[in-house]
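Coordinates in review
Given next are the chains, with one letter for each unit.
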Amino acid sequence: QVQLMESGGGLVQAGGSLRLSCAASGTIFSINLMGWYRQAPGKQRELVAVITSGGNTNYADSVKGRFTISRDNLKKMLYLQMNSLKPEDTAVYYCYRRNDYNNYEYWGQGTQVTVSS
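The following refers to the structure shown. Residue numbers run consecutively from 1 along every chain, following the written order of its sequence. Under the rules for a predicted model, residues below a pLDDT of 70 receive no local features and side-chain atom pairs below 80 are neither given nor counted, while totals for whole chains, interfaces and linings still include all residues. To obtain the side-chain values, all non-hydrogen atoms of the structure were used and water was disregarded.

1. Brief notes about the packing of aromatic side chains
Any two of the Phe, Tyr and Trp rings considered here, Trp counted by its six-membered ring, make a pair once their centres fall within 6.5 Å; the pair's planes then place it as stacked at under 30 degrees, edge-to-face at over 60, or tilted in between. The final tally for this structure, using the stated rule, is 3 aromatic pairs. Through successive ring pairs, a cluster of aromatic residues spans Tyr37, Tyr96 and Trp107. Only lysine NZ and arginine CZ atoms are considered, and such an atom sits over a ring when it is within 6 Å of the ring centre and within 35 degrees of the ring normal. The side chain of Arg19 reaches across the aromatic face of Tyr79, ending 4.1 Å from its centre. Its end group placed over the ring of Trp107, Arg45 keeps NZ or CZ at 4.7 Å from the ring centre.

Dropping the structure here:
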């Protein structure tokens, strides 16, 4: 089975930092696009950042300059370093992957990030 498991969420004050991790299993990690999405209460799930199998990255305008997405293909891990956190960043963050060849998509269960003011 293909599984994604997020970790690293928690409570932090505005201006603080958190690092989210996602462990992938049951997949050839290096051929997958990986990303982070988030969903705040009462809102639609939105893209935060993605990283391709070739290492190219893209970020939502709201997090540019503050968040950094990275991947370790050997360890099959995905990371999201979040700095200068704002209360508006409060959401459940989800790990995402899409196979480059068959376009199959998978989602993690999510990890809660809460930023207090």
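Read on, since the account is not over.
2. With respect to the sheet that holds strand 3 (residues 18-25)
A strand pair is defined by DSSP finding two or more bridges across the two strands. Under the DSSP-based scheme used, a helix requires at least four consecutive residues in state H or I and a strand at least two consecutive residues in state E, with every element numbered from the N terminus. Spatial ordering of the open sheet is given by 1-3-8-7, a layout of 4 strands whose pairing is antiparallel. The open sheet terminates on both sides in strands that have one partner only, identified here as strand 1 (3-7) and strand 7 (67-72). Strand-to-strand twist of the sheet, defined as the mean angle between neighbouring strand axes without regard to direction, takes the value 15°. Bridging between strand 3 and strand 8 (residues 77-82) involves 6 bridges; their strand directions are antiparallel. Pairing of Leu20 across the sheet is with Leu80, part of strand 8. Here the axes come from fitting lines to C-alpha atoms, over the contacting stretch only for helices, and the angles between their N-to-C directions go from 0 to 180 degrees.

3. Re the nonpolar core
Membership of the largest hydrophobic core comes to 26 residues, with the highest contact counts inside it found for Trp36, Leu80, Met82 and Tyr93. Elements represented by at least two residues in this core include exactly strand 3, strand 4 (32-39), strand 5 (46-51), strand 7, strand 8, strand 9 (91-99) and strand 11 (111-116). Ranked by residue count, the leading element in this core is strand 3, at 4 residues. When sequence neighbours within four positions are dropped, the list of residues in contact with Met82 reads Gly16, Ser17, Leu18, Leu20, Arg66, Phe67, Tyr93 and Val113. Put simply, buried Ala, Val, Leu, Ile, Met, Phe, Trp, Tyr and Cys residues joined by side-chain atoms within 4.5 Å make one nonpolar core. Between buried and exposed lies partly exposed: a residue is buried under 20% and exposed over 50% of the maximum accessible area for its type, with that area taken using a 1.4 Å probe on protein chains only. Working rule for contacts: check all heavy atoms of both residues, and any pair within 4.5 Å makes them a contact.

4. Regarding the state of the cysteines
Cysteine sulfur atoms are paired as a disulfide whenever they fall within 2.5 Å. A full pass over the atoms with the stated rule returns 1 disulfide. The side chain of Cys22 participates in a disulfide bridge whose partner is Cys95; the two sulfur atoms lie 2.0 Å from each other. The sign of the S-S torsion, about -80°, decides the handedness of the disulfide formed by Cys22 and Cys95: left-handed. Here Cys22, found in strand 3, pairs with Cys95, found in strand 9; they are 73 residues apart in sequence, far enough to count as distant. In terms of burial, Cys22 and Cys95 fall into one category: buried.

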